[in-house]
Amino acid sequence: MKTKLFTPNFTRLLLGQISSLFGNYTLKFAISMYILEQTGSAAVFAGLLALAMLPTILLSPFGGILADRADRRAIMVALDGLSGGCVLAAALLFPGAGGLPVTAGLLVALSVLGAFESPTVQACVPQMLDGEAVMQGNALVGQVSSLAGLVTPFLGSLVYTAWGLTPVLYGTAVCFWITALLECGIRLPPRPRSERMSVRRIIREDLAAGLRFLRREEPGILRLLLLAGLVSLFVAGTVVVGFPYLVRTVLGLSAEHYGAAESAMGAAAVAGSLCAGLTARRFRPVYLAGIFFGFGVCLLAAGAVFPAGLPVFGCYLVLLAAFCACQFGCSLFSTCAITLIQQRTPPELMGKIMSCVFTLSLCAQPVGQLVYGGLFDLCGARAHWVLLPSGLAVCGIGLACRRFFLAWGSGPAGRPRA
């Protein structure tokens, strides 16, 4: 079904995401530079990042409940307005209250607000769009996030080096407020009035409804969520942790080589989201099994370069190609998987199920980082002992889940057979 993509509602949502994500990512990069500059400690830096991620993981399910109970437009406007206020308060406190406590508090505050923002935005996309435009809309939101991750490290380092952290704080506050103004113009269908209940009863019943939906009514969505979590785990472990370790430590190449590779992988992620949008009409669920299998092949190729005895720069080029392909596939997989989940989820449960997607992805990332960080440290230069078994495991999962994805698209309206 062909439907219009750039509706007034979706255009305002997308412009708001551009403003808030570019401001937020620039701020977080500048804060990272500030923390490392002030402490010189990777342990303190990692600890603060983990502390900032914890509220998002814990509160995302409650963000999904709020998205299904309240006016989603009002939620987004309030959260972006509050985010701008928190950043402005940090800018005013920064000179006199001590930089590290202020920046740590700001990271935690933005993490809390983000736990409620992300499920709401994801739940709004299928409410604004129909048909193949849903996947194209998800792809565009993913492209904005990928582009922000690609551009903001350069932008953040440029502004921070020239003027310090305070101007970045003021600029980010303005970005959040611009987003809130754009979201004020969004018009969504009125939500049905729900029975008045206590907060405790709402939380209990809504969480039970979400779990019942996943376990009994749509177990296929639960399996797809677990597969998406596996993708996040392997990507966080091999790409986020393994690739910089392989380039800088095992191959002994310069920071410039790693920086160029990071830019290339960011571009690959953008291309993956773009491909999802362009192929929305021809997409079939079974393609996700092929993407998963291809991810395993890339890991096998990356592992094979070490016993093959290639020269250092040849190893670098093969690793770069393999991990760029992984980023491309991961972006394509996540966009398509989110769209499949949205298509099978009732509107009244959309926020809760999207919060499950967000939470599972966040939980899988630190697990993958910890597991693969330990494995790469243990194996040292024999990195193929990590990459080759991982590649075989991922290929096996891709082959095993092919029947599941075939069943997903074979029933009425794409409903997987039991």
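Residues numbered from 1 in each chain as written. Predicted model: local features only at pLDDT ≥ 70, side-chain atom pairs only at ≥ 80, totals over all residues. Heavy atoms only, no water.

## Observations concerning the overall build of the protein chain
Helices and strands together make up the secondary structure of the protein chain, namely 14 helices and 0 strands. For the protein chain, the sequential pattern of α-helices and β-strands runs α-α-α-α-α-α-α-α-α-α-α-α-α-α. Counting only C-alpha atoms and orienting by the principal axes, one finds that the protein chain spans roughly 65 × 60 × 40 Å. Among the 418 residues that make up the protein chain, the fraction classed as buried is 51%. In the protein chain, once contacts between residues fewer than 6 apart in sequence are set aside, the share between residues at least 24 apart is 87%. (Helix = DSSP H or I, 4+ residues; strand = E, 2+ residues; numbered from the N terminus. Buried < 20%, exposed > 50% of the residue type's maximum accessible area, 1.4 Å probe, protein only. Contact = heavy atoms within 4.5 Å.)

## Considerations on the packing of helix α8 (residues 219-250) against helix α11 (residues 312-344)
Direction vectors running N to C along α8 and α11 enclose 160 degrees, while the axes themselves pass 10 Å from each other. Classified by the angle between their axes, α8 and α11 sit roughly antiparallel to one another. Here the hand of the crossing between α8 and α11 comes out left-handed. Where α8 abuts α11, its residues I221, L224, L225, L227, A228, V231, V235, T238, V239, F243, L246 and V247 lie against Y316, L319, L320, F323, C326, Q327, C330, F333, A337, L340, I341 and R344. Split by residue class, the contact of α8 with α11 holds 21 nonpolar, 2 polar and 1 charged. (Axes fitted to C-alpha atoms, helices over the stretch in contact; angles between N-to-C directions. Parallel < 35°, antiparallel > 145°, perpendicular 65-115°, else oblique. Left-handed = near helix turned anticlockwise from the far one by under 90°. Nonpolar A, V, L, I, M, F, W, Y, C, P; charged D, E, K, R; others polar.)

## Brief notes about the packing of aromatic side chains
Within the structure shown, the criterion is met by 10 aromatic pairs. Ring centres 6.2 Å apart and planes at 40 degrees place the aromatic pair Y372 and F376 in the tilted group. Separated by 4 residues within a single helix, Y372 and F376 lie in helix α12 (residues 350-379), roughly one turn from each other. With respect to burial, Y372 and F376 carry one shared label: buried. Plain terms: the ring middles of F404 and W408 are 5.8 Å apart, the flat faces sit at 75 degrees to each other, and that makes the pair edge-to-face. You can see F404 and its partner W408 sitting in helix α14 (residues 402-408), 4 residues apart, about one turn around the helix. (Phe/Tyr/Trp six-rings, centres within 6.5 Å; stacked < 30°, edge-to-face > 60°.)

## So, the side chain of R72
Structurally, the position occupied by R72 is in helix α3 (residues 72-97). Within the structure, the side chain of R72 is placed 2.9 Å from the backbone oxygen of A67, a separation counted as a polar contact. Among the polar contacts made by the side chain of R72, one reaches the main-chain carbonyl oxygen of P347 at a distance of 3.2 Å. (Polar contact = N/O pair within 3.5 Å; in protein donor to acceptor, adjacent residues only side chain to side chain.)

## Examining the environment of R382
Position of R382 relative to the elements: it lies in the loop between α12 and α13 (384-400). Judged by its relative accessible area of 42%, R382 falls in the partly exposed class. Once the C-alpha coordinates of R382 and F306 are considered, the two residues, 76 residues apart in sequence, prove to be 7.5 Å apart.

## Regarding the nonpolar core
Core analysis: the largest hydrophobic core is formed by 69 residues, its most contacted members being L224, L246, L288, L319, F323 and F405. If one sorts the elements of this core by residue count, α11 sits on top with 16 residues. In contact with F405, not counting residues within four places along its chain, are L224, L227, P285, V286, L288 and A289. Counting residues in hydrophobic clusters, the runner-up holds 23 residues, among them A52, A90, L106 and L110. (Core = buried A, V, L, I, M, F, W, Y, C linked by side-chain atoms within 4.5 Å.)

## Focus: a nonpolar patch on the surface
Taken together, the side chains of V174, W177 and I178 define a hydrophobic patch exposed on the protein surface, amounting to about 250 Å² of accessible area. With respect to the helices and strands, the residue V174 is situated in helix α6 (residues 165-184). (Patch = residues over 30% accessible without salt bridge, like charges linked within 9 Å, V, L, I, M, F, W, Y side chains within 5 Å. Areas by Shrake-Rupley, 256 points an atom, 1.4 Å probe, with all protein chains shown as cover. Salt bridge = Lys/Arg side-chain N within 4 Å of Asp/Glu carboxyl O.)

## What about the pattern of salt bridges?
Applying the stated criterion to the full structure yields 3 salt bridges. Where R72 meets D68, a salt bridge forms, and the shortest distance between an N and an O atom there is 3.0 Å. A residue is classified by how much of its surface remains accessible, and R72, at 3% relative accessible area, is buried. The partner of E218 in a salt bridge is R344, with the nearest N and O atoms 2.7 Å apart. Here the residue E218 occupies a position in the loop between α7 (199-217) and α8, and R344 occupies one in helix α11, the gap between them amounting to 126 residues. Per residue, the accessibility class of E218 equals that of R344, and both read buried. Taken together, the shared-partner salt bridges connect D68, R72 and K352 into one network.

## Points about the environment of P311
Within the secondary structure, P311 is located in the loop between α10 (287-308) and α11. By relative accessible area, which is 56% here, P311 ends up exposed. Taking the C-alpha atoms as reference points, P311 and L251, 60 residues apart in sequence, are found 9.6 Å from one another.

## Considering the packing of α8 against α13
Remark: α8 packs on α13, axes separated minimally by 12 Å, with the N-to-C direction vectors making an angle of 160 degrees. With respect to each other, α8 and α13 are oriented roughly antiparallel. For the pair α8 and α13, the crossing hand works out as left-handed. Here L227, L230, F234 and L246 of α8 lie close against α13, whose contacting residues are L387, V394 and I397. Of the residues assigned to the contact of α8 with α13, the class counts are 7 nonpolar, no polar and no charged.

## Quick word on α8
The largest bend along α8 measures about 40 degrees and falls at G242, with the proline P244 one to four residues further on. Two residues or fewer past α8, G252 is found with a positive phi of approximately 70 degrees. (Bend = angle between axes of the 7 residues up to and from the residue.)

## Quick word on the side chain of S111
Inspection of the secondary structure puts S111 in helix α4 (residues 99-128). S111 has contacts with A52, M53, P55 and T56, leaving out every residue within four places of it along the chain.

## Let's talk about the state of the cysteines
Under the definition given, this model contains 0 disulfides. The structure places no disulfide on C124, whose sulfur is separated from the nearest cysteine sulfur, that of C184, by 13 Å. The exposure class assigned to C124 is buried, which follows from its relative accessible area of 0%. Considering cysteine sulfurs only, C275 is the nearest to C336, which forms no disulfide, with 7.8 Å between them. Note on C336: relative accessible area 1%, which makes it buried. (Disulfide = S-S within 2.5 Å.)

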